[in-house]
Amino acid sequence: MAEEVSTAPTAIVLGVGANESQRILSWYTSEDTSQLVQLAPSASVINGQFPGNATSFAASGNANTTTESAGTHNRHAVITGLQENVEYTYRVGSDNNWSPAYTFRTQSFEGDYDFLFFGDPQIGSSGDEVADGLGWSETLDYALSVNPDAELLVSGGDQVEKANIETQWDQFLANDNLRQYPWAATIGNHDVGGRAYDQHFYTPNTDRAPKYYKDADKTATTSGGDYWYIYKDVLFIDLNSNSYASSAAGSGGDEAHLGFVTDVINNHGYQAKHTVLVYHHAIYSPADHANDTDNAIRRVDFPTAFSELGVDLVLQGHDHSYSRSYEIKNGEKANPDEQAGDADIFTGVGGVIYVTGNSASGSKYYGLTEPDSSKNGGDFGADPTATPDSNGHTRHWANSVENQENVRTYVKVAVKGDSLTVQNIRASATGDVNPAFDRGNVKWQGTVSQNGQSQTLAKGTIVDEFTVYPNNGEGSQTIQVSVNETPGEFGWTINGTNRLVDLGTAEDHNAEYYLASGQINPITVTDTRRPKSPWSLSSKVGDFTDGDKSFSGKYLGWAPNVQEAGAGATAGNAVASGYDSGSGLSSSRVLGAAAQGHDIGQAVLGADLNLKIPGTVSSGSYRTTLTITSLAQ
């Protein structure tokens, strides 16, 4: 009796869509038949039976072209119209030949969220693809068990060791989390040499012109393309960095990538608060690839362009070690006062942070390398502020942190208001699956350092953590102040670091109106002028906006106060929200003032903010600018 061959769909992977209301599903099938996705809210799927009104999305695809996947076909379908805060159940295939049912969950389409970044699973690179797959699966399971509300899984590239080996793809895709959380694929140098990457993943807003392939003449036999998407407040742009300036067929990849990034940011940057670039080749890599000539080429044009375009964060792989850069502007350290390992980074205009991800599977680790100024014209030498660490290692000039412990890690990015908090987290402990160590490819892990001293590293502990407070250029909507400083004896400054004034989430009052409150950043006024002339500080706001949505700034009121007396300062009058009466802070209002003959000295002014807006205002994350002006006679 002949063995029955299963024709059920395989290699199912949930991908990211163009925005938070979309997902893309991709899969393989042994049959060249019409395929579709069937989708319904999980609450309506009873005993595994989809309701009659389940939504269907038709799939597209082609026959697979690699020898290893001969006789199979790839399919993908774009799911649109998802609602927020809903658990969905789906299956792929065709009538009487469905896949098992899987679920995924949407969350609020507004506000803060976390995404996870994974460097180089590279299944098969240890020499044991099953062990690599197990390490990768354990990392996914652990990362999502402690971050179940993470909304995206972002790839640093090199999903597999050899581009077309389907047994390696099987190991990569084995974990069901890849059918429940969207995987934002990035192509690495080990993925590019065949068509399997393009067969397994379908990405939104993708340009697959030959210039985005490593070899422009081989688009039929290799994978490539650049793409972008917006998820809540982040514009993600994903590049195929295998295509670069000296690609084999002269596609001029770097110039093309910069054109792509420029066009996307110019046309869509205003729709997001943060811009995150993702590509495989780490240009400020801390280990084996630090002095690669192709990276030296990328270090010529990329950093300046990224600074000029207002990129906030660059996520990269390729070097199987962790690093994060100082604030880099136009290819140089932007702030000479920034110290290695600083926890808070307040970037100025053009400031960019570069992060390199370590191995997420444990299949391969590269040891940190020492800066070598004899290579590439000395463009990536030692940090002049660095002294060798306990292992005798000295950081490269661009990097604030470099780390290698030969244990699996992943990166968590928390998007919260105007800030990005980045953590590199250990995903394995001693005794866990760690293929490169288990097979003797590396000689130590975590518990024994390179200098022979014992270390104890626990799973879930943090290797590095920092928060980026990005500059907000044109198109953003951060509340900020313009310091109109007057030279001489009279002046004023914002105290501290002029953080975002976050009013939190407005509270609903019976659907009639919303209320929110907060305080401005205090302002220090100094007046030592002998004539003791009058002075005043006034301010106003424009409309609050979120993309194409807005409401009037008149709904913001305040109650000024003098926090530290001096300089004859008196607080301005309280101003009610325009919801109740008047024009609120949409008209210029006095924050503080002093009369003729006042005492000389210094005062600190503050104000309690009160926002009362109609219940008809659409949901969103709205921002406005608070402009302060001074008058000193």
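Note that the structure is a prediction, hence the values are computed from the model and not measured.

Colleague: How should I be thinking about the overall build of the chain in this particular structure?
Modeller: Regarding its fold elements, the chain presents six helices and 38 strands. Against the globule reference of 26 Å for 633 residues, the chain gives a C-alpha radius of gyration of 27 Å, in line with a compact fold. With the principal axes as the frame, the chain shows a C-alpha extent of 105 × 65 × 50 Å. Counting every position in the chain, which comprises 633 residues, the buried fraction comes to 56%. Contacts in the chain between residues far apart in sequence, at least 24 positions, make up 74% of those at least 6 positions apart. Counting every atom, the chain has about 25,200 Å² of accessible surface; 45% of that belongs to carbon and sulfur. One finds the centroid of the 38 positive side-chain charges in the chain at a distance of 3 Å from the centroid of its 76 negative side-chain charges.

Colleague: Sorry if this is basic, but what is going on with the packing of helix α4 (residues 253-268) against helix α5 (residues 293-309) here?
Modeller: It is the contact of α4 with α5, at a shortest axis distance of 11 Å, that shows an interaxial angle of 10 degrees. What the angle tells us is that α4 and α5 run roughly parallel. On α5, the residues that touch Asp254, His257, Leu258, Val261, Thr262 and Ile265 of α4 are Ile297, Arg298, Asp301, Phe302, Ala305, Phe306 and Leu309.

Colleague: Where do I start with helix α1 (residues 129-146) in this structure?
Modeller: Three or four residues apart is the spacing at which side chains of an α-helix point the same way, because the helix has 3.6 residues per turn. Compared with the 26 Å implied by 1.5 Å per residue over 18 residues, the 26 Å span of α1 between its first and last C-alpha is a close match. Among the residues of α1, Ala131, Asp132, Gly133, Gly135, Trp136, Ser137, Thr139, Leu140, Tyr142, Ala143 and Leu144 are the ones counted as buried. The distance from a side-chain oxygen at the start of α1 to the backbone nitrogen of valine 130 is 3.1 Å, and the residue carrying that oxygen is aspartate 128.

Colleague: Which parts of the structure should I look at to understand the side chain of aspartate 312?
Modeller: Tracing the chain through its elements places aspartate 312 in the loop between α5 and β17 (313-317). Buried aspartate 312, no salt bridge; nearest opposite-charge side chain is arginine 623, N-O distance 9.7 Å. For aspartate 312, the side chain forms a polar contact with the main-chain nitrogen of threonine 275, separated by 2.8 Å.

Colleague: Explanation requested: the sheet that holds strand β18 (residues 322-325) in the structure shown.
Modeller: In a beta sheet, neighbouring strands pair by backbone hydrogen bonds and run either parallel or antiparallel. Taken in spatial order, the eight strands of this open sheet run β13-β14-β15-β16-β17-β22-β18-β23, and their pairing is mixed. In this open sheet, the two edge strands, each paired with only one partner strand, are β13 (206-207) and β23 (399-403). Two elements, strand β14 (residues 226-231) and strand β15 (residues 234-238), share five bridges in a ladder whose sense is antiparallel. If you follow tyrosine 229 over to β15, its bridge partner there is phenylalanine 236.

Colleague: In this structure, what is going on with the environment of serine 60? I would like to understand it.
Modeller: Relative to the assigned elements, serine 60 resides in strand β5 (residues 60-63). Those residues within four positions of serine 60 in sequence are excluded, and the remaining contacts are Asn74, Arg75 and His76.

Colleague: What should I look at first to understand the pattern of salt bridges in this one?
Modeller: It is possible for side chains of opposite charge to pair when their charged atoms get near one another. All chains considered together, the criterion is met by 20 salt bridges. Residue lysine 459 pairs with aspartate 432 through a salt bridge whose shortest N-O separation is 3.7 Å. Taken together, the positions of lysine 459 in the loop between α6 (435-438) and β26 (462-469) and aspartate 432 in the loop between β25 (419-426) and α6 put the pair 27 residues apart, joining distant regions of the chain. Each of the salt bridges in this network shares a partner with another, and the network as a whole consists of Glu110, Asp546 and Lys549.

Colleague: Looking at this structure, I do not really get the side chain of aspartate 132. What am I missing?
Modeller: Topologically, aspartate 132 is positioned in helix α1. Buried and unpaired, aspartate 132 has arginine 439 as its nearest opposite-charge partner, separated by 6.6 Å. A distance of 2.7 Å separates the side chain of aspartate 132 from the backbone nitrogen of glycine 124, its partner in a polar contact. Setting aside residues up to four positions removed in sequence, aspartate 132 forms contacts with Gln122, Ile123, Gly124, Ser125, Ser126, Ser361, Ser363 and Pro435.

Colleague: Got a minute to help me understand the pairing of strand β1 (residues 10-16) in this structure?
Modeller: Within a regular beta strand, the side chains point alternately toward one face of the sheet and then the other, so they alternate between its two faces. Here β1 lies mainly inside the structure; six of its seven residues are buried. Alignment of β1 against strand β2 (residues 23-29), held across five bridges, turns out to be antiparallel. Residue pairing across strands places threonine 10 opposite tyrosine 28, the latter belonging to β2. Adjacent in sequence and paired antiparallel, β1 and β2 are bridged by six residues.

Colleague: How do you make sense of the confidence of the model for the chain when you look at a structure like this?
Modeller: For residues with low pLDDT, the predicted coordinates do not support detailed interpretation. Within the chain, residue pLDDT values average 91, and 93% of them lie at 70 or more. Every residue in residues 480-487 is under pLDDT 50, and counting partners more than four places away or in other chains gives 18 contacts.

Colleague: Before we go on, may I ask you to explain unusual backbone geometry in this structure?
Modeller: For residues that are not glycine, phi is negative in most cases, and the peptide bond is trans in most cases. Of note in this structure, lysine 232 is not a glycine but carries a positive phi near 50 degrees. Note that lysine 232 resides in the loop between β14 and β15. Overall, the relative accessible area of 7% leaves lysine 232 in the buried class. One non-glycine residue, asparagine 376, lies in positive phi territory at about 50 degrees.

Colleague: Is there a simple way to explain the sheet that holds strand β35 (residues 570-571) in this structure?
Modeller: Taking strand neighbours across the sheet as the criterion, the four strands line up as β35-β36-β31-β38 in an open arrangement whose pairing is antiparallel. Strand pairing shows two members of the sheet lacking a second neighbour, β35 and β38 (626-632), which therefore form its edges. Across two bridges, the pairing between β35 and strand β36 (residues 589-594) is antiparallel. Among the inter-strand pairings, alanine 571 is bridged to a residue of β36, identified as glycine 592.

Colleague: Just checking my understanding: could you explain the nonpolar core for this structure?
Modeller: Where a protein is soluble and globular, its nonpolar side chains tend to be buried together. Formed by 33 residues in total, the largest nonpolar core has its most connected members in Ile523, Trp535 and Leu611. Of all elements in the fold, only β27 (490-494), β30 (523-527), β31 (535-541), β34 (556-564), β36, β37 (601-614) and β38 reach the threshold of two or more residues within this core. Not counting residues within four places of it along the chain, the set of residues in contact with isoleucine 523 comprises Trp492, Thr493, Ile494, Asn495, Leu537, Leu591, Ala603, Val604, Leu605 and Ile628. In this structure, Tyr212, Trp228, Leu277 and Ala398 belong to the second largest nonpolar core, which totals 32 residues.

Colleague: What exactly am I supposed to notice about the environment of valine 37 here?
Modeller: Tracing the sequence through the fold places valine 37 in strand β3 (residues 36-41). For valine 37 and tyrosine 90, which are 53 residues apart along the polypeptide, the C-alpha to C-alpha distance reads 6.8 Å. Look past the residues within four positions of valine 37 in its chain and what remains in contact with it is Leu25, Trp27, Thr55, Ser56, Phe57, Ala77, Ile79, Tyr90, Arg91 and Val92.

Colleague: It is not clear to me how the packing of aromatic side chains should be interpreted in this structure. Could you clarify?
Modeller: Inspection of every chain in the model, using the stated rule, returns 31 aromatic pairs. Arranged with centres 6.1 Å apart and planes meeting at 25 degrees, the rings of phenylalanine 118 and tyrosine 410 form a pair that is stacked. In this pair, phenylalanine 118 is assigned in strand β10 (residues 113-118) and tyrosine 410 in strand β24 (residues 409-416), connecting sequence segments 292 residues apart. By relative accessible area, which is 0% here, phenylalanine 118 ends up buried. Among the residues examined, tyrosine 410 registers a relative accessible area of 1% and is labelled buried. Through successive ring pairs, a cluster of aromatic residues spans Phe118, Trp136, Trp169, Phe172, Trp183, Tyr197, Phe201 and Tyr410. Cation over ring: arginine 179 sits above tyrosine 102, and NZ or CZ is 5.6 Å from the ring centre. Lying across the ring of tyrosine 513, lysine 612 places its NZ or CZ 4.4 Å from the centre.

What counts, and at which threshold
- Residues numbered from 1 in each chain as written.
- Predicted model: local features only at pLDDT ≥ 70, side-chain atom pairs only at ≥ 80, totals over all residues.
- Heavy atoms only, no water.
- Helix = DSSP H or I, 4+ residues; strand = E, 2+ residues; numbered from the N terminus.
- Rg over C-alpha atoms; globule rule 2.2 N^0.38 Å.
- Buried < 20%, exposed > 50% of the residue type's maximum accessible area, 1.4 Å probe, protein only.
- Contact = heavy atoms within 4.5 Å.
- Areas by Shrake-Rupley, 256 points an atom, 1.4 Å probe, with all protein chains shown as cover.
- Lys, Arg positive; Asp, Glu negative; His and termini not counted.
- Charge placed at Lys NZ, Arg CZ, Asp CG, Glu CD.
- Axes fitted to C-alpha atoms, helices over the stretch in contact; angles between N-to-C directions.
- Parallel < 35°, antiparallel > 145°, perpendicular 65-115°, else oblique.
- Expected span 1.5 Å × (residues − 1).
- Polar contact = N/O pair within 3.5 Å; in protein donor to acceptor, adjacent residues only side chain to side chain.
- Salt bridge = Lys/Arg side-chain N within 4 Å of Asp/Glu carboxyl O.
- Pairing = 2+ DSSP bridges.
- pLDDT = per-residue confidence, 0-100.
- Core = buried A, V, L, I, M, F, W, Y, C linked by side-chain atoms within 4.5 Å.
- Phe/Tyr/Trp six-rings, centres within 6.5 Å; stacked < 30°, edge-to-face > 60°.
- Lys NZ or Arg CZ within 6 Å of the ring centre and 35° of its normal.

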